[in-house]
Amino acid sequence: MLARNDDHTRSIIWRSVMSVTSVVIILIAVFFLIRMFTMNPLEGTWDYEDSDLIMTIKGNNTAIIKWPDEFDGNQIAVSMDYDIDSKTKTFSLHLNTDAVKKAADSEGISEDVITQALDRLDGTYDYNMEQNQLTLTDREYGSQLIFEKE
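Note that the coordinates shown come from a computational prediction; the quantities given were computed from them, not determined experimentally. (Residues numbered from 1 in each chain as written. Predicted model: local features only at pLDDT ≥ 70, side-chain atom pairs only at ≥ 80, totals over all residues. Heavy atoms only, no water.)

Visitor: What am I meant to see in the sheet that holds strand β1 (residues 44–48) here?
Guide: Think of a sheet as strands paired side by side through backbone hydrogen bonds, with each pair either parallel or antiparallel. If you trace the eight strands once around the closed barrel, you get β1-β2-β3-β4-β5-β6-β7-β8, paired in antiparallel fashion. Averaged over all neighbouring strand pairs, the angle between strand axes comes to 35 degrees, with direction disregarded. Of the pairings in the sheet, the one linking β1 to strand β2 (residues 54–57) comprises four bridges and is antiparallel in character. Looking across to β2, one finds that Thr-45 is bridged to Thr-56. (Pairing = 2+ DSSP bridges. Helix = DSSP H or I, 4+ residues; strand = E, 2+ residues; numbered from the N terminus. Axes fitted to C-alpha atoms, helices over the stretch in contact; angles between N-to-C directions.)

As C-alpha cells, then:
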C-alpha cells in the first residue's frame, strides 16, 4: 500500500497518526496539570526527628500514626482525620474516636493511652516544606514538629 506510491492512502494514514498522537499528548498534559494543582503536597511517610513517631499522610484525608514510645511500646497504627488548606498552608489533625476504639480492641491496649498520645497531635498547624523536611508549627502555642520524609 505504501510502496505503491498511493498518495491518498498515505495522507489518510498520516492524518490518523498525527490525530492520535496529538490527542495522547493533550491527555498527558492535562493529567500532569491536574495532578500538579490538585495533589496533596504533604502526602507520604514522615518520620519525626525527636522520637519514633511515624506519620503516613494519605490522599483520602487520613493520616496513619505509629508511635511506639507513646503506645506502651506497641507497634500499632491509629488513623487520624486531617484537613489541609494549601492556600493558607494550614494542616489540621483531628482525633478519630472510632479508630482509637478499633486499635485499642485489636491490640489490647487502653483507649486512654492512645487518646492521651494522639491528643498531643490534635490541632491546627501551619506547615512549611523545604526539600524533604516538613515543619509543623502549632498555631496556638508556636511549638514546632520537624519531620523528615522517608
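Visitor: Whenever I open this one, helix α3 (residues 111–119) confuses me. Can you help?
Guide: Note on helix geometry: an α-helix contains 3.6 residues per turn, so any two residues three or four positions apart are oriented the same way. If you check which residues of α3 are buried, you get Ile-114, Ala-117 and Leu-118. The buried residues of α3 occupy an angular sector of 95 degrees when the element is viewed end-on, so they sit on one face. Exposed and facing more than 90 degrees away from the buried side of α3 are Asp-112 and Gln-116. On its buried side, α3 packs onto β3 (62–66), β4 (77–85) and α2 (97–107). Capping of α3 at its N-terminal end is provided by Ser-110; its side-chain oxygen lies 3.2 Å from the backbone amide nitrogen of Asp-112. (Buried < 20%, exposed > 50% of the residue type's maximum accessible area, 1.4 Å probe, protein only. Arc of directions from axis to C-beta. Contact = heavy atoms within 4.5 Å. Polar contact = N/O pair within 3.5 Å; in protein donor to acceptor, adjacent residues only side chain to side chain.)

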